Amino acid sequence: MDEFKAVIVGELDRWQRAGKVARFWLRDDDAIEPTEPLDRLLEISAAFAVPLTLAVIPAHTGEALADRLRREPLCSVAVHGWSHRNHAGPDEKKQELGRHRPVADVLAELKQGFDQLFALYGAQFVPMLIPPWNRIDAALLPQLAGLGYRALSVYGPERPAALPLINTHVDVMDWQGTRGGRDPQALAVEIAARLRLMFDHGGTMGLLTHHLVHDAAVWDFMKALFMVTADHPACHWAAVPDILREQQAPAG
Ligand SMILES: [Zn+2]
């Protein structure tokens, strides 16, 4: 773990010397109901005062999760599609919000998801769409503002889009291989690379997690990362509502 620490702290120290602060944010996907892994996620993030944005699946959730999260002031909730159902064919990448159905049907679901989670969460709700599998048909994007969405979050570098993007950049899971946590050293190298890019071009360092499938390696990684970053003067774990507000403030 020492090498892991050196890679991240080395980069943050450079930020500190330059008088800059790197903004990190935490997104965790696929919440539906209170579970033991969710408790663990909330505990770890709260212990380090790291704000958390949960991608909640509207069609499958309800009061139980909202009641649980009401006690978590650092937790905000965003819309994770509608039902997280794959409408793509067997030879395609999985997608709920693709071109497989009429646009009006998809938009009607996205409006229902927005309205339902807003009603459940009120002030904890953030008007951000997180497409399942991080995929959405570009033709839908210009319509989202009309439904109330103010931001979109997918995976990878931000590209110009019809809606402000608050993306994730580092995924802790090894989806193609072990389906467990990735090597901490590889994750540290990726985080440092993202920080180098941000140093010159701005942006945030979005960490993507999936509490329901974490193995011990992921929980250990998260704890270690929070341990080395949360108190570092050149790191700020930001809440998405704050990032959104700043993005929408006029430049100057
Ligand atoms: Zn998902």
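Here we summarise the structure given alongside this text. A quick note: this is a predicted structure, and the numbers were derived from the prediction, not measured.

## Notes on the overall build of the chain
Phase 1: Tallying secondary structure elements over the chain gives 8 helices and 8 strands in all.
Phase 2: For a compact globule of 252 residues, the expected C-alpha radius of gyration is about 18 Å, and the chain comes in at 18 Å, within 12% of that figure.
Phase 3: Over its C-alpha atoms, taken along the principal directions, the chain stretches across nearly 50 × 45 × 40 Å.
Phase 4: The buried share of the chain, reckoned over its 252 residues, is 52%.
Phase 5: When the accessible surface of the chain is totalled, it reaches about 11,600 Å², and 53% of it is carbon and sulfur.
Phase 6: The positive charge centre, built from 25 side chains, and the negative charge centre, built from 32, are 4 Å apart in the chain.

## A word on the packing of aromatic side chains
Phase 1: Applying the stated rule across the entire model yields 8 aromatic pairs.
Phase 2: When the ring of tryptophan 15 is compared with that of phenylalanine 199, the centres are 5.4 Å apart and the planes differ by 85 degrees; the resulting orientation is edge-to-face. Linking tryptophan 15 in helix H1 (residues 2-17) with phenylalanine 199 in helix H6 (residues 184-201), this pair joins segments that are 184 residues apart in sequence.
Phase 3: On the basis of relative accessibility, which here comes to 17%, the residue phenylalanine 199 falls in the buried class.

## Quick look at helix H4 (residues 103-121)
Phase 1: Look at H4: 27 Å from first C-alpha to last across 19 residues, which is about the 27 Å you get at 1.5 Å a residue.
Phase 2: Within H4, the full set of buried residues consists of Val106, Leu107, Glu109, Leu110, Gly113, Phe114, Leu117, Leu120 and Tyr121. Buried positions in H4, seen along its axis, are confined to an arc of 160 degrees and lie on one side of it. Residues of H4 that are exposed and point over 90 degrees away from its buried face: Ala104 and Ala119.
Phase 3: Buried residues in H4 make contact with strand S2 (52-56), helix H3 (63-69), strand S3 (75-79), strand S4 (125-129) and helix H5 (141-147).

Calculation notes
Residues numbered from 1 in each chain as written. Predicted model: local features only at pLDDT ≥ 70, side-chain atom pairs only at ≥ 80, totals over all residues. Heavy atoms only, no water. Helix = DSSP H or I, 4+ residues; strand = E, 2+ residues; numbered from the N terminus. Rg over C-alpha atoms; globule rule 2.2 N^0.38 Å. Buried < 20%, exposed > 50% of the residue type's maximum accessible area, 1.4 Å probe, protein only. Areas by Shrake-Rupley, 256 points an atom, 1.4 Å probe, with all protein chains shown as cover. Lys, Arg positive; Asp, Glu negative; His and termini not counted. Charge placed at Lys NZ, Arg CZ, Asp CG, Glu CD. Phe/Tyr/Trp six-rings, centres within 6.5 Å; stacked < 30°, edge-to-face > 60°. Expected span 1.5 Å × (residues − 1). Arc of directions from axis to C-beta. Contact = heavy atoms within 4.5 Å.

All we've got here are geometric facts, nothing functional implied.
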